[in-house]
Amino acid sequence: MKDADCVRKIANHYASQLQLCHSRGSVSFSLARTVHGHMISSGFKSHGHILNRLIDIYCKSSKLIYARKLFDEIPHQDIVARTTLVAAYSASGDQKKAFEIFSTTPLNVRDTVFYNAMITGHSRNNDGHAAIELFRCMLRDDIRPDNFTFTSILSALSLIADDERHCMQMHCAVVKSGTGLITSVLNALVSVYVKCASSPLVSSSSLMDAARKVFDEMPVRDELSWTTMITGYVKNDDLDAARKFLDGMNEKLPVAWNAMISGYVHHEFYREALEIFQKMLQLRIQLDGFTYTGVISACANAGFFQLGKQVHAYLLRTEANPTLDYFLSVNNALISFYSKCGKIDEACGIFNKMQVRDLVSWNAILSAYVSAGRIEEAKSHFNNMREKNLLTWTVMISALAQNGFGEEGLKLFSKMKLEGLEPCDYAFAGAITSCAVLGALENGRQLHGQLVRFGFEASLSTGNALITMYARCGVVEAANCLFHTMPYVDSVSWNAMIAALGQHGHGAQAIEHYEQMLKEGILPDRITFLTVLSACSHAGLVEDGRRYFDSMHKHYRITPGEDHYARVIDLLCRAGRFSEAKDVIESMPFQPGAPIWEAFLAGCRIHGNLDLGIQAAERLFEMIPQHDGTYVLLSNMYSALGRWDDAAKVRKLMRDRGIKKEPACSWIEVESKFHVFLVDDTVHPEVQEIYNYLKQLVLDMRKLGYVPDTKFVLHDMESDQKEYALTTHSEKLAVVFGLMKLPHGATIRVFKNLRICGDCHNAIKIMSKLAGREIVVRDGKRFHHFRNGECSCGEYCISLDFCEFSSNTGRISVRGEKA
């Protein structure tokens, strides 16, 4: 008897020590292991309830390996140990091991709490179907569900609810069970009705009424009750009902008010969200991190910079000791706010002062750099990020593509896949845009095939990117086909297609697409008018362009920006209508900037209007003195008129000011490799073969009437030197290389960073006829499709454009207008 009392006393001692371990937080595991070790070394044979306490502590300390090892050593595991381990595995997301314990537990041992642990695990791991099936199994095993069972199973049902009958059946089960007066169960039931109502598969409008009826009949309501109803109305796009519901509340529950603010922000009713915030201040309702996050987001999206600053100041003044978690979400919202308002330095200041940052913080400041066009800083920030998710990679890939770093964008896309991340449709869109920048048609086609395999062929973002890619790679037919087979198109799709047709010289078709867009009920935006005006300019459709420009404000209330006026000036000046162009400039509601005078100067260059050209150049020298294009255009104008001394003075002025001209280059893709050529190239490994081929080709071209047009050599030199200079232009070398290397009949696609010169244009026309091939050249402004001795531009854009000169032989590289 004394021995039994002694054992009982020791057991109680160990039990009390383990009980103390429960309340020791992070050190609980270490203390429990110490007690466990003492038990083993003393030879004490543990009782069931002590082992269960040990397992419980190990599980709560996330030491499941120790818990499972101890569990396996118990000769007869009771239901308490089994339930503890099932709940722990479920909480860790390991449903497979949880089900292993569950399935090996005899039916006569199982109880309601055991089933609840397993059902809750399925629910928390978003496996609603498995939870429902287990609930049915529970009923078949004659295990009586309790209020916790129904709370869990209703939460599971809300994950998959898409049929009104399922909601009604579970409602009946709740009533029959006698748990219909429990607040937690009724909250879960309201949530099921609400989530089922928002399912796209449900057309009935009675579910929100059913949720409201359950809510009205609840004997006791808590914060969750009110918040669930408000959120339900918001998710079902009934903001008026949500607001009435909120206004009818007697209790001042911050969670419910925050839900209303979030609803307004989500539906872009920013003023209404701010009105709710103001009312919260008046009613002295407690503000928290969710309140400030919602309000700051409203200010950011609405562009209310001053109001957002006031909210920020109020937050700093009133929140004396906020927790780190509290300030984390608010600071993330503030970074986005300052970024969207163009205050990048302020956003960086907040980021740098944050004591705690998460991935959202890092992504927010990355997006801030990208939005501001500060790509070098964005790249540095990206490289410094220890953790990256799919959003991080996608933002950076898109940023590189949209800012001209196409090659880096493609490399980053490949690196992302190598690191095991599966690209989303937006990542594909960024990579495809990179191909458009580079003119990498084969890479673009491969990406097109990959996104189909990934199931993104119906994605709007990838579809729009593919239209632009095919168009900018010279395959406008593929772009047009894709546009007409997309399951859904938006204004971006139409804009991309109109721009594609305009760039390829199909001005009339571009206008037809615009008119069809209007018939489809899609309203044009400012980008639409930019594409339409550009198409009219490329095709010389002056009257159409004027009419569309006038309709912007008159019919669509879109105020033309400087970029729209620049397109109109370009349209008029290319047609030689300088008087009208000057009238447009004088009628502008703001002072003309550099884009206006650049368009005016380019038109003067085309028509040789030196007097007006000098006036435009003088304005540009004042506005953008370091821009090389102004000097080159003016120099070329003097050269075209034989005023060599004046041309030399302009070039000397460039040298004195340290301004360097952008070197002209052309490139072509052959067998998935890019070959780049400069004027008078000596670097390419096959350059001698290219010159030999070109020399013979020129002889054959002369038989068809080709004569080098030396007026395009805008430099004072001997006639034979001029002819030599013309034969070494980069676009000619690239075309010849394509003729040498690409299969007979294959289309040759050459890309050039600047405008194609007039002589090269004439020469490539003859080459297309001689070789019987289509040759596509994308220059800095548009596409030229050469077929059988003709060009798609109809000669409209060709005039005394620039000429390239080699720096290798001491000659000066002169070129004309930039894109």
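This write-up is about the structure you can find in this document. (Residues numbered from 1 in each chain as written. Predicted model: local features only at pLDDT ≥ 70, side-chain atom pairs only at ≥ 80, totals over all residues. Heavy atoms only, no water.)

### Here's the deal with the packing of aromatic side chains
- Taken as a whole and assessed by the stated rule, the structure comprises 30 aromatic pairs.
- Centre to centre, the rings of Tyr-264 and Phe-269 are 6.4 Å apart; their planes meet at 75°, and the pair counts as edge-to-face.
- Taking the relative accessible area as the measure of exposure, Phe-269 reaches 37% and is therefore partly exposed.
- Between the aromatic rings of Phe-677 and Phe-737, the centroid separation amounts to 5.6 Å while the plane-to-plane angle is 55°, which identifies the pairing as tilted. Remark: Phe-737 occurs in helix H41 (residues 730–741) and Phe-677 occurs in strand S2 (residues 673–678); sequence separation between them is 60 residues. Across this residue pair, the class does not change: Phe-677 and Phe-737 are buried. (Phe/Tyr/Trp six-rings, centres within 6.5 Å; stacked < 30°, edge-to-face > 60°. Buried < 20%, exposed > 50% of the residue type's maximum accessible area, 1.4 Å probe, protein only. Helix = DSSP H or I, 4+ residues; strand = E, 2+ residues; numbered from the N terminus.)

### A word on the pairing of strand S1 (residues 665–670)
- Of all the six residues making up S1, six are buried; the element is thus mostly covered by neighbouring parts of the structure.
- Alternating residues of S1 divide into Cys-665, Trp-667 and Glu-669 and Ser-666, Ile-668 and Val-670, and every residue in both groups is buried.
- Where S1 and S2 come together, six bridges link them in antiparallel fashion. Following the sheet pairing, Ile-668 is matched in S2 by His-675.
- Turn length for the S1-S2 hairpin, with the two strands adjacent in sequence and antiparallel, is two residues, and the turn residue Glu-671 shows positive phi of about 55°.
- In this structure, S1 lies alongside strand S3 (residues 748–752), joined through three bridges in antiparallel fashion. Within the sheet, the bridge partner assigned to Ile-668 lies in S3 and is Val-750. (Pairing = 2+ DSSP bridges.)

### Topic: the sheet that holds strand S5 (residues 783–787)
- Ordered in space as S2-S1-S3-S4-S5-S6, the six strands form an open sheet in which the pairing is mixed. Each end of this open sheet is capped by a strand with a single partner; those strands are S2 and strand S6 (790–791).

### Some points on the nonpolar core
- The biggest cluster of nonpolar side chains holds 211 residues, and the ones touching the most others in it are Ile-230 and Phe-600.
- In terms of residue count, the dominant contributor to this core is helix H11 (residues 183–197) (10 residues).
- If you look at the next biggest cluster of nonpolar residues, it comprises 32 residues, including Tyr-691, Met-701, Cys-757 and Ala-763. (Core = buried A, V, L, I, M, F, W, Y, C linked by side-chain atoms within 4.5 Å.)

### Considerations on the pairing of S5
- Along S5, four of the five residues are buried, which leaves the element largely enclosed by surrounding structure.
- Judged from the four bridges that link them, strand S4 (residues 775–778) and S5 form a sheet pairing that is antiparallel. Of the residues in S5, the one forming a bridge with Ile-775 is Phe-786.
- If you look at the hairpin formed by S4 and S5, you'll find four residues sitting between the two strands.
- Of the strand pairs in this sheet, S5 and S6 are connected by two bridges, and their pairing is antiparallel.

### A short note on helix H4 (residues 64–73)
- The set of residues buried in H4 consists of Leu-64, Ala-67, Arg-68, Leu-70 and Phe-71. Seen end-on, H4 carries its buried residues on one side only, within an arc spanning 165°. Residues of H4 that are exposed and angled more than 90 degrees away from the buried face: Ile-65, Lys-69 and Glu-73. (Arc of directions from axis to C-beta.)

### As for unusual backbone geometry
- The backbone of Asp-237 shows a phi angle near 60°, a positive value even though the residue is not glycine.
- Position of Asp-237 among the secondary structure elements: in the loop between helix H13 (223–235) and helix H14 (239–247).
- Looking at Asp-237, the relative accessible area reads 57%, which means it is exposed.
- One non-glycine residue, Asp-680, adopts positive backbone phi at about 55°.
- Along the chain, Asp-680 falls in the loop between S2 and helix H39 (687–703).

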